[in-house]
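Chain by chain, the residues:
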Amino acid sequence: NAGVTQTPKFQVLKTGQSMTLQCAQDMNHEYMSWYRQDPGMGLRLIHYSVGAGITDQGEVPNGYNVSRSTTEDFPLRLLSAAPSQTSVYFCASTPPKGQVYEQYFGPGTRLTVT
Amino acid sequence: GENVEQHPSTLSVQEGDSAVIKCTYSDSASNYFPWYKQELGKRPQLIIDIRSNVGEKKDQRIAVTLNKTAKHFSLHITETQPEDSAVYFCAASLTFPWEYGNKLVFGAGTILRVKS
């Protein structure tokens, strides 16, 4: 298994541009989530999904959209990038209900908005 | 919503000494408390977790204790080694009902430096 994969690893955007961060997992995990990590603030939940077709907002959803058309993929879209969205973004997934609660993180995407 | 505070923000210890990191949480309904280790430029990785029906859990040199009454939990690392140097994050979540998801709320992190 490749586990949780994310692309790209690095990205530089100009203010106002849009882009999609890709996340995929091949472990048949139902639960997937997106976090952003900023210095001194830990990780904060942006959006999450408990299964295909179901998404919901986390702590800091403004400026981001998600969709979950398949179990494997959970892309994060930045609608109009702002410098405040400069961060490291991690995708994570959790095994199906009732097994374990561990969240498996992807390698991250480092985004800079100028 | 849940709020998790973590202390200290930095911790320096001599190799072989013990290290303790403490976290408090605000939502008494939270029932799952993981600890993640993150090395520079890498992804967070789970090192140990505890559920609310258990007071203590050990895994070799690592242990976690939970006090639900006081709403705090701690990470204990014994016989520290240079490779333990990293950032450690605590987190809390409510894992049921499943339809609400396993929404982790993280502490701000502790930078642990083990001096040899």
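Owing to the predicted nature of the structure, the values given are computational and were not obtained by experimental measurement.

(A) Structural detail: the interface of chain A and chain B. Counting residues at the interface gives 26 residues for chain A and 20 residues for chain B. Taken over both partners, the interface formed by chain A and chain B buries close to 2,000 Å², and the fraction arising from carbon and sulfur atoms is 59%. Together, Leu-43, Tyr-101 and Phe-105 of chain A form the three largest contributors to the area buried by chain A at its contact with chain B, with a combined 32%. One can count 0 salt bridges joining chain A with chain B. The interface formed by chain A and chain B holds 4 residue pairs in polar contact (both at pLDDT 80 or more) in total.

(B) Structural context of the packing of aromatic side chains. Tallied over the full model, the rule gives 14 aromatic pairs over all chains. Taking 6.4 Å as the distance between ring centres and 65° as the angle between the ring planes, the aromatic pair formed by Phe-105 of chain A and Phe-106 of chain B counts as edge-to-face. With one member in each of two chains, Phe-105 of chain A in strand E10 (residues 104-105) and Phe-106 of chain B in strand E10 (residues 105-106) form a pair that bridges those chains. Feature note: the residues Tyr-35, Phe-90 and Phe-105 of chain A together with Tyr-36, Phe-89 and Phe-106 of chain B constitute an aromatic cluster, connected by ring pairs. Cation over ring: Arg-68 of chain A sits above Phe-74 of chain A, and NZ or CZ is 5.9 Å from the ring centre.

(C) Just the layout of surface pockets, in detail. Of the voids in this model, the largest pocket is the one considered here, and its volume is about 700 Å³. Lining of the largest pocket is provided by 31 residues; of these, Gln-37, Val-88 and Arg-110 of chain A together with Gln-38 and Gly-41 of chain B occupy positions nearest its centre. Of all the secondary structure elements, the ones that give two or more residues to the lining of the largest pocket are strand E9 (87-94) and strand E11 (109-113) of chain A together with strand E9 (86-92) and strand E11 (110-115) of chain B. By residue number, the principal contributor to the lining of the largest pocket is E11 of chain A, which donates 4 residues.

(D) Here's a closer look at the pattern of salt bridges. Following the criterion strictly, the structure yields 5 salt bridges over all chains and no others. Put simply, Glu-39 of chain B and Lys-37 of chain B hold a salt bridge, and the shortest N to O gap is 3.7 Å. You can call Glu-39 of chain B partly exposed: its relative accessible area is 37%. By relative accessible area, which is 17% here, Lys-37 of chain B ends up buried. Measuring nitrogen to oxygen at the nearest pair gives 2.9 Å for the salt bridge that ties Arg-61 of chain B to Asp-84 of chain B. Highlighted residues: Arg-61 of chain B in the loop between strand E6 (56-59) and strand E7 (62-67) and Asp-84 of chain B in the loop between strand E8 (72-77) and E9, separated in sequence by 23 residues. For Arg-61 of chain B, a relative accessible area of 23% corresponds to the partly exposed category. Bridged by salt links that share partners, the residues Arg-36, Asp-38 and Arg-44 of chain A form one connected network.

(E) Fine view of the sheet that holds strand E8 (residues 76-78) of chain A. All names here are of chain A. Here we have 4 strands laid out as an open sheet, ordered E1-E3-E8-E7, and antiparallel in their pairing. Each edge of the open sheet carries a strand with a single partner, namely strand E1 (4-7) and strand E7 (64-66). Mean inter-strand twist for the sheet, computed between neighbouring axes without regard to direction, equals 20°. Summarising the sheet, E7 and E8 pair through 3 bridges and their orientation is antiparallel. For Tyr-64, the partnering residue across the bridge sits in E8 and is Leu-78.

(F) Representation of the state of the cysteines. Applying the stated criterion to the full structure yields 2 disulfides over all chains. Each sulfur in the disulfide pair Cys-23 of chain A and Cys-91 of chain A lies 1.8 Å from the other. In this structure, the disulfide formed by Cys-23 of chain A and Cys-91 of chain A twists by about -70° around the S-S bond and is classed as left-handed. Pair noted here: Cys-23 of chain A is in strand E3 (residues 19-25) and Cys-91 of chain A is in strand E9, with a separation of 68 residues, a long-range link. One disulfide in the model links Cys-23 of chain B with Cys-90 of chain B; its S-S distance is 1.9 Å. Linking Cys-23 of chain B and Cys-90 of chain B, the disulfide has an S-S dihedral of approximately -100° and is accordingly described as left-handed. Taken as a pair, Cys-23 of chain B in strand E3 (residues 19-25) and Cys-90 of chain B in strand E9 lie far apart in primary sequence, 67 residues in all.

(G) Spatial organisation of the pairing of E11 of chain A. All names here are of chain A. A one-sided burial pattern is seen for E11, the buried positions being Thr-109, Leu-111 and Val-113 and the unburied ones Arg-110 and Thr-112. Here strand E2 (residues 10-13) pairs with E11 via 4 bridges, running parallel. Residue Leu-13 lies in a different strand from E11, and its bridge partner there is Val-113. In this sheet, E11 lies alongside E9 in antiparallel orientation, the contact comprising 3 bridges. Within E11, the residue paired with Ser-87 across the bridge is Leu-111.

Here is what the cut-offs are and how they apply
- Residues numbered from 1 in each chain as written.
- Chains lettered and ligands numbered in written order.
- Predicted model: local features only at pLDDT ≥ 70, side-chain atom pairs only at ≥ 80, totals over all residues.
- Heavy atoms only, no water.
- Contact = heavy atoms within 4.5 Å.
- Buried area = accessible area lost by both parts, 1.4 Å probe.
- Salt bridge = Lys/Arg side-chain N within 4 Å of Asp/Glu carboxyl O.
- Polar contact = N/O pair within 3.5 Å; in protein donor to acceptor, adjacent residues only side chain to side chain.
- Phe/Tyr/Trp six-rings, centres within 6.5 Å; stacked < 30°, edge-to-face > 60°.
- Helix = DSSP H or I, 4+ residues; strand = E, 2+ residues; numbered from the N terminus.
- Lys NZ or Arg CZ within 6 Å of the ring centre and 35° of its normal.
- 1 Å grid on protein atoms, 1.4 Å probe; cavity = no way out; pocket = protein on both sides within 12 Å on 5 of 7 lines; lining within 4 Å.
- Points joined across faces, edges and corners; volume = space filled by probe spheres on them.
- Buried < 20%, exposed > 50% of the residue type's maximum accessible area, 1.4 Å probe, protein only.
- Pairing = 2+ DSSP bridges.
- Axes fitted to C-alpha atoms, helices over the stretch in contact; angles between N-to-C directions.
- Disulfide = S-S within 2.5 Å.

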